[in-house]
Amino acid sequence: MLLFGAAVAMLCSCTQTENRTYRVTVEGERTDCPVVIADVPEWAQSVVVMSEGVEIPSQLDKCLSEAAFVADVAGEKEFSVTFSEAVAEQTYPARVNAQMWWKTGDEQNPYEEKDTLFSFKDDMYRKLHHHGPAIESEWAAYRVYFDKKQTIDTYGKKQKQLELRESMWYSTNEQLEAGFGHDNLRVFGSIGVGVLKGWDPENGMPHITDFKRREARVLAKGPVRAIMEMEVEGWNYCGREISMTSRYTIYAGHSDVVVDNFFEGDVEGLTFVTGVMKMLDTKVIKEDRAVAQIGTDHPENDYDKWPKETVALAVALPEDVKILSAEDDKLSYLYQVTPTDNRISYVMDMWWRKSSWLSELSDEELMTGALASVKKAAQPIVVERTK
């Protein structure tokens, strides 16, 4: 603690710094509670977070003007936060990852990592390895397809570890034998889990086909949160031209994902849908603002190599999301929603039977566990600056 104080004092003598205190308030107890500080000084290049004399791993995401960390919080807790214009020298263990790979066509170096890719037409799906950006924590991984569906696909973890940079989503036989996870869901034309799609009461969920431009982005790669985005500009939806950005954020210690959808243009009264897909032998719990299902199916078309997997999927909608109805279709359990202040935000999650920490649970326990997870994650986290 003395060394840290001396370091901060020396820093203050030659660089601009600012010390603040924030109070975080939650309902009940939250393990690895995600904390986002949104009033970061423009000049800040690094951040240090302390609680009760202990430094807490954090990150400063300049592209969002936010600082983020995770910490155990029961009721309320205060944190000391120091912003500095000096570039951070400390490094923290990575607990999340984000990646997007462009296929180069070069046999020697077949993939090039990208943080941003865009197109004016629907031609990116086969140009990207694992077909779009992906995020992971130690607990789970998710990818979003860069195509007209923009569906979320899931990757289960057998062990709590980061592995996408090794498996590249498609685990080899050797990696599978070593305990790596793999793609565990076949989404077909469904909602998958937690994606926001358009809605036509007579024809279901229309694809994004008439648009001006689409872009995929990786905004943050860790160490405590990873963020990917899909943006569509000039989408002709229900006779209006709108733009939509879907942001997916995963935090260290979590399998759940925070989904934020932002809109531009005239979206007043427009209807969208989210929810979870139906699977074979599906069981479901559907409440006013949360749904969870558990089902079993082959994750790939090669049934000999890929046996059936049991997966629980869940989505929870906070109180500020305006729900119009809860009409399902043949493939998905759905909620029809409309934007409030040009935004629709919620939480999604996936629990896998083969995850070592879940393998002893019954199907009912997997489903209710995933449901409880998203409902808790959808509860408000209040962050207040106190000094």
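Remember, predicted model here, so these are calculated numbers, not experimental data.

Draft legend 1. Quick peek at the overall build of the chain. A tally of regular secondary structure across the chain gives four helices and 25 strands. Taking 2.2 N^0.38 as the reference for a compact globule, 387 residues should give roughly 21 Å; the C-alpha atoms of the chain span a radius of gyration of 21 Å, in line with that estimate. Each principal axis of the C-alpha atoms in the chain carries an extent, and together these give about 65 × 50 × 50 Å. By residue count, 54% of the 387 residues in the chain fall in the buried class. Restricting the contact set of the chain to residue pairs at least 6 apart, pairs at least 24 apart contribute 68%. Where the 43 positive side-chain charges of the chain centre and where its 64 negative ones centre are 2 Å apart.

Draft legend 2. Structural view of the sheet that holds strand β23 (residues 332-338). Sheet architecture is open: four strands sit in the order β13-β18-β23-β22, paired in antiparallel fashion. Each edge of the open sheet is held by one strand with a lone partner, namely β13 (197-198) and β22 (322-325). Pairing of strand β18 (residues 272-277) with β23, which is carried by six bridges, proceeds in the antiparallel orientation. When the bridges of β23 are listed, M277 appears paired with S332.

Draft legend 3. Broad picture of helix α4 (residues 363-377). Given a rise of 1.5 Å per residue, 15 residues ought to cover 21 Å, and the 21 Å separating the end C-alpha atoms of α4 matches this to within 8%. Of all the residues in α4, the buried ones are L366, M367, G369, A370, L371, S373, V374 and A377.

Draft legend 4. Representation of the packing of aromatic side chains. Per the counting criterion, the structure on display carries nine aromatic pairs. For the ring pair W139 and W357, a centre distance of 5.3 Å and an interplane angle of 75° mean the geometry is edge-to-face. In this pair, W139 is assigned in the loop between β9 (128-137) and β10 (140-144) and W357 in the loop between β24 (343-352) and α4, connecting sequence segments 218 residues apart. Residue W139 is classed as partly exposed on the basis of its relative accessible area of 25%. With a relative accessible area of 25%, W357 lands in the partly exposed category. Both rings, one in Y155 and one in W169, keep their centres 5.1 Å apart while their planes meet at 55°; by these two values the pair is tilted.

Draft legend 5. View of unusual backbone geometry. Residue G222 is joined to P223 through a cis peptide bond whose omega torsion reads 20°. Positioned with a positive phi, S65 is a non-glycine residue whose angle comes to about 55°. Examined against the element boundaries, S65 turns out to sit in the loop between β4 (58-61) and β5 (66-84). The residue D281 is not glycine, and still its phi comes out positive at about 55°. Counting through the fold element by element, D281 comes out in the loop between β18 and β19 (283-286). Look at D281 and you get exposed, because its relative accessible area is 62%.

Draft legend 6. The side chain of D61, seen in detail. Along the polypeptide, D61 turns up in strand β4. Given the relative accessible area of 7%, D61 is considered buried. Not counting chain neighbours up to four residues away, the residues in contact with D61 comprise E66, A220, R225 and I227.

Draft legend 7. Broad picture of the pairing of β4. Taking every second residue as pointing to the same face, both faces of β4 are buried, with S58 and L60 on one and Q59 and D61 on the other. Pairing between β4 and β5: four bridges, direction antiparallel. Note on β5: the bridge partner recorded for S58 is F69. Hairpin connection between β4 and β5: a loop of four residues separates the two successive antiparallel strands, and S65 in this loop has a positive phi of roughly 55°.

Draft legend 8. Structural context of the sheet that holds β19. The antiparallel open sheet is built from nine strands, whose spatial order is β8-β14-β15-β16-β17-β24-β21-β20-β19. Unpaired on one side and paired on the other, β8 (116-119) and β19 mark the two borders of the sheet. Adjacent strand axes in the sheet meet at a mean angle of 15°, parallel and antiparallel pairs treated alike. Strand direction decides the pairing type here: strand β21 (residues 309-316) and β24, joined by six bridges, are antiparallel.

Draft legend 9. Focus on the nonpolar core. By size, the foremost hydrophobic cluster in this structure holds 63 residues, and its most contacted members are I135, Y142, I152, Y248, F272 and M348. Take this core: its biggest share by element is six residues, from strand β15 (residues 225-237). Formed by 19 residues, the second largest nonpolar core is a distinct cluster that contains V24, C33, F69 and V73.

Draft legend 10. Geometry of the environment of M228. Positionally, M228 belongs in strand β15. We classify M228 as buried; its relative accessible area is 0%.

Draft legend 11. Here's a closer look at the pattern of salt bridges. This structure, assessed with the given rule, holds 34 salt bridges. A salt bridge links E66 to R225, with the nearest nitrogen and oxygen atoms 2.8 Å apart. Placement of the pair is E66 in strand β5 and R225 in strand β15, with a sequence separation of 159 residues. On the accessibility criterion, R225 (2% relative accessible area) is buried.

What counts and what doesn't
Residues numbered from 1 in each chain as written. Predicted model: local features only at pLDDT ≥ 70, side-chain atom pairs only at ≥ 80, totals over all residues. Heavy atoms only, no water. Helix = DSSP H or I, 4+ residues; strand = E, 2+ residues; numbered from the N terminus. Rg over C-alpha atoms; globule rule 2.2 N^0.38 Å. Buried < 20%, exposed > 50% of the residue type's maximum accessible area, 1.4 Å probe, protein only. Contact = heavy atoms within 4.5 Å. Lys, Arg positive; Asp, Glu negative; His and termini not counted. Charge placed at Lys NZ, Arg CZ, Asp CG, Glu CD. Pairing = 2+ DSSP bridges. Expected span 1.5 Å × (residues − 1). Phe/Tyr/Trp six-rings, centres within 6.5 Å; stacked < 30°, edge-to-face > 60°. Axes fitted to C-alpha atoms, helices over the stretch in contact; angles between N-to-C directions. Core = buried A, V, L, I, M, F, W, Y, C linked by side-chain atoms within 4.5 Å. Salt bridge = Lys/Arg side-chain N within 4 Å of Asp/Glu carboxyl O.

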